[in-house]
Amino acid sequence: MISIKNLHAKIEGKKILKGINLEVKPGEVHAIMGPNGSGKSTLASVLTGRDGYEITDGSVIFENKNLLDLDTEERAREGIFLAFQYPVEIPGVSTTNFLKTALNQIRQHRGEKNLDAVSFLKLVKSKMKLVDIDQSLLSRSLNEGFSGGEKKRNEIFQMAMLEPKLSILDETDSGLDIDALRIVANGVNSLKSKDNASILITHYQRLLDYIMPDFVHVLFDGKIVKTGNKSLALELEEKGYDWIKVKHSSLETI
Amino acid sequence: METSVVNGIRDVFNNNEANYQSSSLAHRKSALDFVLSHNFPDRKDEEYKYTPVNQILKKNFNFKNTITSKTTDFDFEDYFYQLEGNHLVFFNGSYQPFQSKIYNEICCHLEKKSNQSFHDIFDALNVAFYENSLKIEVNKNYRSQPFFIYYFYDSQQGQIFGNPNIQIVGHPDTRIEILENTISKGTYPVFINKKVSVHVKTNAEINITKIQNYKKHVYQIYNLEVNQDTQSKFNSNVYSFAGGLIRNNLKINQMGENCESHMHGLYLITGHTHVDNHTAVNHTHPHSYSNELYKGIVDESARAVFNGKIFVRPEAQKTNAFQSNQNINLSDEASIYTKPQLEIWADDVKCSHGCTVGQLDEEALFYLRSRGIGKNQAKALILIAFSEQSLEHIPFEFVKKEIDTLIRKRLIG
């Protein structure tokens, strides 16, 4: 589905990604873990086309398309979705209004007809249950005055509405209490299919108690330095990141 | 004032003199003398620092070349809103009772005499030159329909100098709703110097909504002065979209307890449009309230100026006064000057003021785009949401829609 090769990126002249290689196939869940400042969020930003990042080397092929050539909205229409670490508050724009616009632009891109108001509402109702989100919340200004949990649930709700091929969840567990975490994880799990894939970016392995990854990667200093299965996450939980830092730094000095 | 301008203004006056009632000629002449002994404001005048009317007029308007045309191919009625109410026509600055469609005869009067006081050069200019004054007056137990005022200007044959003059009186326990719109044709410059005085008496309410979507050769000064008695309510909504110069002076004088004043504005400007809103609220009695919110989106080489003054006099205890001016600057060439001013002499009051000037929120834009919404549409969504907050207080649903359409047309294209 997505093939990232030797990806290098910098922001304001500072090198952040220093050769990322990652292959994600349909049906897979990949977790990317790593200490603060290792480049996790930068990877999410680069994959979704946020301004300010300069790609200095490497390639990203998504469904046979060169992803890096596409604008943010084109990537979304191709099926990439980012659940934000800090969802943005937009006063005056309601979630339903904005989602209708987004969904119809995605549908137009796929050559499908716009959804009429009735079918749209039907869809909203069916997806609302998934993350236990209240309708009144959806008619309010996007994320404005939402609690941390409500914001994250709204992200997963949007994901459910837009049905992306590849979802990137950037620290979706941060700031969530255990109940909210369970709701969000349930939402993600029930959206999982053999045709779509997810990349979970997380600092703690807590989220992985609820969403079972097929692969766990450790990102350190702009590179994936270790790949394993769920047990790697548990090992990290136990030992912290220091042993990886030591090991990796010592490699460099040799 | 420069001799050429003095001569120009004098010529216009002499040409019009025959139209003026002889009984008020002396008053007009004293107003004229006031004008000629002063200068149009300049960069040196604090109140006009960013709107140097003198330079703007010198560059764009010549009194000597103005014409006084009574004929036009305008079909006024074509522009009337399809609604019950009073449809009042002004042509080139003077009120046209016979072209108007009046529902409440008893409320609309024409006054030819000139006896109004004047405080500054534009005031005086209007008092010297206005041909007639429209007086809108509503009494208790009389349910008036809305007043739609249309200002038509025809500058196909030459420059137009228009001086509309309106007096509005809401007697106790009445409610008046007014909507103003301007329609012009022709390409010669038009200089509009409008003077509107409002008196909201005890327990009355007056609501004025203005749409300012002028051609680029229209230069307008608008002096709106409001006096409010005890327990009265005044609402002003002003929406500016285009014009060579739009200067709105709004002065509210609260002269009794429990007065309420609301001021809402939106300017959405591009090209070389220049919009300047100056407002002043004077709280003189206890338990008063004022709320002001002006929003602006400024693009290309447009220029926006805002100055809001709130005075809370020593007697005006328990006053609540709020003021906010929020701007989004979309271009490197655009300029925004904003200045809130709060002067408080009372000690038991609740007041706040603030202004912001910012760019479009890039983070919000990215968020919307990351969901598949195209860049321009995402921009429009954010800006429309920002603008629409200023529409909440319009009493006419159809005007809300009309302005909403204007905003969308401008932002989505």
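What counts, and at which threshold
Residues numbered from 1 in each chain as written. Chains lettered and ligands numbered in written order. Predicted model: local features only at pLDDT ≥ 70, side-chain atom pairs only at ≥ 80, totals over all residues. Heavy atoms only, no water. Helix = DSSP H or I, 4+ residues; strand = E, 2+ residues; numbered from the N terminus. Rg over C-alpha atoms; globule rule 2.2 N^0.38 Å. Contact = heavy atoms within 4.5 Å. Areas by Shrake-Rupley, 256 points an atom, 1.4 Å probe, with all protein chains shown as cover. Lys, Arg positive; Asp, Glu negative; His and termini not counted. Charge placed at Lys NZ, Arg CZ, Asp CG, Glu CD. Buried < 20%, exposed > 50% of the residue type's maximum accessible area, 1.4 Å probe, protein only. Salt bridge = Lys/Arg side-chain N within 4 Å of Asp/Glu carboxyl O. Polar contact = N/O pair within 3.5 Å; in protein donor to acceptor, adjacent residues only side chain to side chain. Expected span 1.5 Å × (residues − 1). Arc of directions from axis to C-beta.

Caption draft 1: Examining the overall build of chain B more closely. Helix and strand content of chain B: seven helices and 20 strands. Over its C-alpha trace chain B gives a radius of gyration of 21 Å, about what one expects of a compact globule, namely 22 Å for 413 residues. For chain B, the C-alpha atoms occupy an extent of roughly 70 × 45 × 45 Å along the three principal directions. Long-range pairs, those at least 24 residues apart, make up 81% of the contacts in chain B between residues at least 6 apart in sequence. Summing over all exposed atoms, chain B offers an accessible surface of approximately 16700 Å²; the carbon and sulfur share of this is 45%. Each charge class in chain B can be summarised by its mean position, and for the 43 positive and 46 negative side chains these summaries are 2 Å apart.

Caption draft 2: Representation of the overall build of chain A in the model. Helices and strands together make up the secondary structure of chain A, namely nine helices and twelve strands. In terms of C-alpha radius of gyration, chain A reaches 18 Å, essentially the compact-globule figure of 18 Å for 254 residues. For chain A, the C-alpha atoms occupy an extent of roughly 65 × 40 × 35 Å along the three principal directions. Across the 254 residues of chain A, 52% fall into the buried class. Put simply, 69% of the contacts in chain A that link residues at least 6 apart link residues at least 24 apart. As displayed, chain A has an accessible area near 11500 Å², and 48% of this comes from carbon and sulfur atoms. Here chain A contributes 34 positive and 35 negative side-chain charges, whose respective centroids are spaced 3 Å apart.

Caption draft 3: Geometry of the pattern of salt bridges. Residue and element names in this part refer to chain A. Per the stated rule, a full pass over the model turns up 33 salt bridges over all chains. In this structure, Glu78 and Lys65 form a salt bridge, with 3.4 Å as the shortest nitrogen-oxygen distance. Pair noted here: Glu78 is in helix α2 (residues 72–78) and Lys65 is in strand β5 (residues 65–66), with a separation of 13 residues, a long-range link. Look at Glu78 and you get buried, because its relative accessible area is 14%.

Caption draft 4: Representation of the side chain of Asn329(B) in the model. Residues and elements named next belong to chain B. Considering the arrangement of structural elements, one finds Asn329 in strand β18 (residues 320–329). Take Asn329: its relative accessible area is 12%, and that puts it in the buried class. There is a polar contact of 3.0 Å between the side chain of Asn329 and the backbone nitrogen of Ser331. Discounting residues that sit within four places of it in the chain, Asn329 has contacts with Val298, Ala334, Ile336, Gly358, Gln359 and Leu360.

Caption draft 5: Up close: helix α1 (residues 3–16) of chain B. All names here are of chain B. With 14 residues, α1 should reach 20 Å at 1.5 Å per residue; the first-to-last C-alpha distance of 20 Å fits that figure. For α1, the set of buried residues is Val6, Gly8, Ile9, Val12, Phe13 and Asn16. Down the axis, α1 shows its buried residues gathered within 165° of arc, on one side only. Looking at α1, the residues exposed on the side facing more than 90 degrees away from the buried face are Thr3 and Asn15. In this fold, the buried residues of α1 make contact with α2 (25–36), α4 (121–129) and β6 (160–162).

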